[in-house]
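Summary of the model geometry
Now for the letters of each chain:
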Amino acid sequence: MRRRGCGAARRRGTPAARQRAAVPSALAALLLALALASPVVATADAGSSPSPDSAAAGPAQGDALALTPPARAALRPLLVQDYQGRMKPLDTLSRELAIKVTRSERFGGRDPLDLVLGWALDPGAWWDRPVIAVRSAELKARLGLDPDATHVSAARLVDEDGGYRLRAAVDEALRTPNRDLRRAQRMLLSFNERAQLFLMTTRQATLRLYPLPGDPRRAWLGIEELAARLGPEDRAPFLAANAMLLDALAAGDEAAIIAAADAHQALQHEHGAAVIPSPAALGAELLLNRTAPFRRVIWPYLVAGILLLGVYLAALAGRRESGYTLRHPLYLAGVLLLALAFLAELGGFVLRWLAAGRAPLSNGYETLVWISLIVALTGLLFERRERTGLVAALGALLTAGVLGVSLLAFFDPAIGPLVPVLDSPWLIIHVTVVTASYGFLGLSALLAAVVLLLHLGKGPDRAPLRAAIGRLHGVHQRVLLAGLALLSVGTVLGAVWANESWGRYWGWDAKETWSLVSILVYAAVAHFRFLPGLARPWPTAAGSFAAIAAVIMTYFGVNYFLSGLHSYAGGELASVPNWVGLAALGMAALLLVSWEFESRRSWEPDADPHARDEGGRA
């Protein structure tokens, strides 16, 4: 890094400053050890207690960079090129690095821009600070950390001889085939990547702010790599701009920071205009970062779902048969909140589309957002006809759940470049239809679950409950059939795309096979209505509720646990989360208990529970 330690220059005479003078060389040695122990990082995206590496470790208030709002506003739009070639604002890179390294966007309550620029400005100040997230108990023990620690400092990664403590373990993990990696090894490699990103940022290697003049590949570089490639005259303006920014940050001079940001923008437009995003794309990404719509709408969806569910249960308890109107205050509040949350999420989806310059449907995170939109829209559309509150409630709750899943660590929210096979108009045509079907089928599973739960109240003289099950059975069938139709059409469209991309319509790839399995399973459930013994609400609901497992396997299992031509749509998942097994047990328990009530009770007094009318209904 050029002009390292500028943040400590004002304290040059203090013992702390003298101690930090040796830190840059230690950082450089550790970075070299990391580089030798692992491959080059492919992407730059992505509190205090008695223990120095405690969970509450964070930046000290008086020693970390704290920019003013105008200074941040000037720096956020500066462009950076990540290691995949995507141009993004410095604001986006800062957020991604903060999340990747610390597992928190606002580590220690700091703005991510302040945090990341602080690492680059004064790395010595961060040498002993626990900032790199660590979760593995085995790794904590290896590093000598307290079991409750959540972060570790860079200093803890260096042994007595100045080497990287984890080098041998990382080398062993890298030599192990991916399928044979243990969970601890996967967590080690993930930690190693976080450590690399932190140390590379301290050297400005991740801050690729500077376009390489005359480069046919249109590469942008960090200041050290750029200076090494250019002659004295060519690199002079870049070094001057970099020094200007570091001095301004070290001094905390707002006007100087804004002037340095302007100087950087001038250099970027002069030498890198060919790859600079449009003002609309840049503005959309900055607004998307600032508003975080996909995270903010979760609570409105939850509140809307709870309100509408309460309205439905109240109507069920009061034996209300007619639908609600918008004059009912709680019903109106729930529907209005659901509609506003949907519009806000839709606006965020459009912003991401503008920022990415393509349909945001290329990975697990983006398709989850699209599925959640479809679920919310489906709930609103069906609620317009039913007016019971239940369909909208389930749509809102499922949407919140899907968005919550998208926030899990193994879904990367960073906007990345398209895999070549996805760079096709078929991305919109095929993926939108198939993933929309998952939304419909997920909602049908929730409707089926409610039907199963209502059967727990089965008994004589409960005609209103029986009528409610009948109405819900009709809604459930329509949602299921719509999902099955979309899944079938989407799979056919995928076959056409496969022929265009790979020269064959069908190859029994894992995704193709499981899509067919899902179609066959749901087709069987859809045909229950034509079979006298299965045409009742309970068998259809039980089949639909169990069939969602096929969709989950098609969407998650294939992408994360099976290899195939569609593996690009997923990511790296270390193991099956514990809650998956618990959810499966819960589903099995509901099916079993509901079946007991269905088989042993009757709607009619003193009637044989197995007797059926001519239509096959109980």
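None of the values given here were measured: they were computed from a predicted structure.

So, about the packing of helix α14 (residues 298-317) against helix α15 (residues 329-356). The contact between α14 and α15 brings their axes to 8 Å, and the two run at 150 degrees. On the basis of their axis angle, the class for α14 and α15 is roughly antiparallel. Handedness of the α14/α15 crossing: left-handed. Here Pro300, Tyr301, Val303, Ala304, Leu307, Leu308 and Val311 of α14 lie close against α15, whose contacting residues are Leu330, Tyr331, Ala333, Gly334, Val335, Leu337, Leu338, Ala341, Phe342 and Glu345. Partitioned by chemical class, the residues of the contact of α14 with α15 number 15 nonpolar, one polar and one charged.

With that settled, consider the side chain of Arg95. By the secondary structure assignment, Arg95 is in helix α4 (residues 90-102). What Arg95 contacts, discounting residues up to four positions off in sequence, is Arg76, Glu105, Pro112, Asn289 and Arg290.

Glancing now at the packing of aromatic side chains. In total, this model carries 10 aromatic pairs according to the counting rule given. The interplanar angle of 80 degrees and the centroid separation of 6.4 Å between the aromatic rings of Trp119 and Trp126 together place this pair among those described as edge-to-face. Here Trp119 and Trp126 have matching classes, each one buried. Ring geometry for Trp506 versus Trp508: centroids 5.7 Å apart, planes at 85 degrees, classification edge-to-face. Feature note: the residues Phe411, Tyr438, Tyr555 and Phe556 constitute an aromatic cluster, connected by ring pairs. Its guanidinium or amino end placed over the ring of Trp126, Arg129 lies 4.8 Å from that ring's centre, counting from NZ or CZ. Positioned above the aromatic ring of Tyr83, the side-chain terminus of Arg208 is 4.5 Å from the ring centre.

Empty space among the atoms becomes apparent when a probe as large as a water molecule is rolled across them. Its volume calculated, the second largest cavity comes out at about 220 Å³. Along the wall of the second largest cavity there are 18 residues; nearest its centre are Tyr312, Arg320, Thr388, Ala468 and Arg471. The biggest single contributor to the lining of the second largest cavity is helix α19 (residues 463-502), with six residues. Of the residues assigned to the lining of the second largest cavity, the class counts are 11 nonpolar, two polar and five charged.

So, on to the confidence of the model for the protein chain. Of all residues in the protein chain, 84% have pLDDT values of 70 or greater, and the mean over the chain is 85. Within the model, the stretch residues 570-574 combines pLDDT values under 50 with 12 contacts to residues more than four positions away or in other chains.

The rules behind the values
Residues numbered from 1 in each chain as written. Predicted model: local features only at pLDDT ≥ 70, side-chain atom pairs only at ≥ 80, totals over all residues. Heavy atoms only, no water. Axes fitted to C-alpha atoms, helices over the stretch in contact; angles between N-to-C directions. Helix = DSSP H or I, 4+ residues; strand = E, 2+ residues; numbered from the N terminus. Parallel < 35°, antiparallel > 145°, perpendicular 65-115°, else oblique. Left-handed = near helix turned anticlockwise from the far one by under 90°. Contact = heavy atoms within 4.5 Å. Nonpolar A, V, L, I, M, F, W, Y, C, P; charged D, E, K, R; others polar. Phe/Tyr/Trp six-rings, centres within 6.5 Å; stacked < 30°, edge-to-face > 60°. Buried < 20%, exposed > 50% of the residue type's maximum accessible area, 1.4 Å probe, protein only. Lys NZ or Arg CZ within 6 Å of the ring centre and 35° of its normal. 1 Å grid on protein atoms, 1.4 Å probe; cavity = no way out; pocket = protein on both sides within 12 Å on 5 of 7 lines; lining within 4 Å. Points joined across faces, edges and corners; volume = space filled by probe spheres on them. pLDDT = per-residue confidence, 0-100.

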